[in-house]
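The primary structure of each chain is shown beneath.
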Amino acid sequence: MSVGTFDPQYFQEHAVRNDWNKTLSFFPEAREAGSCFIDGNSLFRNGTSTAAALTPLPFAATAFVAASAAAGGFVGIPVGLAVVRDGAKKVKAAANCGDLEGVVHNGLWTGVGATYAGLSSILATEGVMILKGATPPAALGPAFSGLGVAMYGGILAYGAHGLWKASQFHSQLKAVVKEGGDWSALNWLKDQVALIDDEKKQPNSAEILQRKWNRFELRTSAACAALVREKLPKLLAEFDPVEARALIKEVEKAAFKQKVKYIILIAIAILGIVASVCVVALTGPASPLLFAIGALIWFAVDSSRLHNYVGEKCWNWTAKKEPCLLEST
C-alpha cells in the first residue's frame, strides 16, 4: 500500500479547510431553535388536525391550526433559505475541485432547502387567509402536495446515497482492522485523507486533496475529518497503540452515526411522501397523522442534543449485540 508522506501542502490545506467549514455555520443556534420550533409546532398542529378529522372540535381548534400554519410557515422560510445558502456553498466548493459526488449529494440537500422554503410559503399563505376569514385557493392543496413529494423525494435520494457511502466506508474500515490491525487501519485512513505519491505529481493535487476530504466528511462528519487530519501525522510518525485505537474508534463511531442519521432521514422521507400524496388523494386523518409522526422524528435530526443522544444510544446498543471492531481485535 503506497501511502506517501505528509507535506506542507497538506497542513496548509488543512488550516484552510477548517476555516472554510466554520463559514458554513450560518446562525446555527437560531436555525436549530427555529427548526425545533417548527417540529413542535407541526406536531401539535397536525395532531389537532388528526383529532378534528375524527371528532368535532371547538372553533378555537380551527383558529389554532391556522395560526400554527402561519407561524410555522413564516419561520420555515428563512430556515429553508439558510439550508439553500449552505448547500450552494458546498456545491460550489465541490464543483471547484471536480467532486461530482459532492455536487450531486449537496445539490440534493440544496433542493430540499428550496422546496422547504416553498412549502413554508404555501403554509403561511393558507394560515393567514384562514385567520382573515378568506377561503384559500383550491390550487394550494395540489401545490403543497407536489412540492412535498419533491422535497421528501430529495431527502430520500440524499439519505439513500449517504447511507450507501457511509456503509461502504464502515465495512471497509472494519475489514482493514480485522485483516491488518491498527497500523494498517491508520495507513488506510491516510489513503483517505492524504495524497499518495502518484497523486502528488498531478497538477491538480490540491483539488484531489479537497475531493478526498469531501468524501471523508460525507461518510463520517466534518468534525471527525478534522480530527483525523490533525492527529494522523503524529500517530504515523510516533505510533501509540492506545491513541491509535482511540482515533480509529472515533472514525468508526462517526461513520455509524452517519448511517443512523441517513436511516432517520429515509424514514422521514417515506412518511413525508405518503403524507404528501394523501393531501390530495385521501380525506380524513391519514395525512395529518403521518405529518405529525414525521414531525416527531424530525426532532432526532434538528436537535443536536437529541441527535447525538440517539446516535450514542444506537451505538451502545449495537456494541452490546456485536462488539465494535476495536474490541474484537
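It should be noted that the structure appears before, not after, this text.
Before going into details, it helps to say that this report is about the structure given with it.

Reading the values: the criteria
- Residues numbered from 1 in each chain as written.
- Predicted model: local features only at pLDDT ≥ 70, side-chain atom pairs only at ≥ 80, totals over all residues.
- Heavy atoms only, no water.
- Helix = DSSP H or I, 4+ residues; strand = E, 2+ residues; numbered from the N terminus.
- Expected span 1.5 Å × (residues − 1).
- Bend = angle between axes of the 7 residues up to and from the residue.
- Polar contact = N/O pair within 3.5 Å; in protein donor to acceptor, adjacent residues only side chain to side chain.
- 1 Å grid on protein atoms, 1.4 Å probe; cavity = no way out; pocket = protein on both sides within 12 Å on 5 of 7 lines; lining within 4 Å.
- Points joined across faces, edges and corners; volume = space filled by probe spheres on them.
- Nonpolar A, V, L, I, M, F, W, Y, C, P; charged D, E, K, R; others polar.
- Buried < 20%, exposed > 50% of the residue type's maximum accessible area, 1.4 Å probe, protein only.
- Contact = heavy atoms within 4.5 Å.
- Salt bridge = Lys/Arg side-chain N within 4 Å of Asp/Glu carboxyl O.

When the terminal C-alpha atoms of helix H5 (residues 140–193) are compared, their 48 Å separation across 54 residues is substantially less than the 80 Å that a helix rising 1.5 Å per residue should span. At Gly180, H5 shows its maximal bend, which comes to roughly 130°.

Summarising the element assignment, His105 is placed in helix H4 (residues 100–131). At a separation of 3.0 Å, a polar atom in the side chain of His105 contacts the side chain of His161.

Moving on, we get to the layout of surface pockets. Considering only enclosed or pocket space, the second largest pocket measures out at about 230 Å³ in volume. Those elements that place two or more of their residues in the lining of the second largest pocket are helix H1 (8–22), helix H3 (59–96) and helix H7 (205–219). Here the residues of the lining of the second largest pocket are counted per class, giving 5 nonpolar, 3 polar and 3 charged.

Before going further, it helps to spend a moment on empty space enclosed by the protein. A full pass over the atoms with the stated rule returns 2 cavities of 30 Å³ or more. Here the second largest cavity defines a volume of roughly 30 Å³. Around the second largest cavity, the lining residues are Tyr152, Ile268, Leu271, Gly272, Ala275, Leu290, Phe291, Gly294 and Trp298. Per-class residue counts for the lining of the second largest cavity are 7 nonpolar, 2 polar and no charged.

Here we come to the side chain of Ser120. The residue Ser120 is located in helix H4 in this model. Classification of Ser120 by relative accessible area gives buried; the value is 4%. Excluding residues within four positions of it along the chain, Ser120 makes contact with Gly73, Gly76 and Ile77.

Within the secondary structure, Glu29 sits in helix H2 (residues 28–54). Classification of Glu29 by relative accessible area gives exposed; the value is 62%.

Now for the pattern of salt bridges. Under the definition given, this model contains 11 salt bridges. Between Asp86 and Arg31 there is a salt bridge whose closest N-O contact spans 2.6 Å. Here Arg31 lies in helix H2 and Asp86 lies in helix H3, a separation of 55 residues in the sequence. Both residues of the pair, Asp86 and Arg31, count as buried. The shortest N-O distance in the salt bridge between Arg215 and Asp99 comes to 3.7 Å. Of this pair, Arg215 sits in helix H7 while Asp99 sits in the loop between H3 and H4, and the two are 116 residues apart along the sequence. Residue class for Arg215 comes out partly exposed when judged on its relative accessible area of 35%. Linked through salt bridges whose partners overlap, the residues forming this network are Arg31, Arg85 and Asp86.

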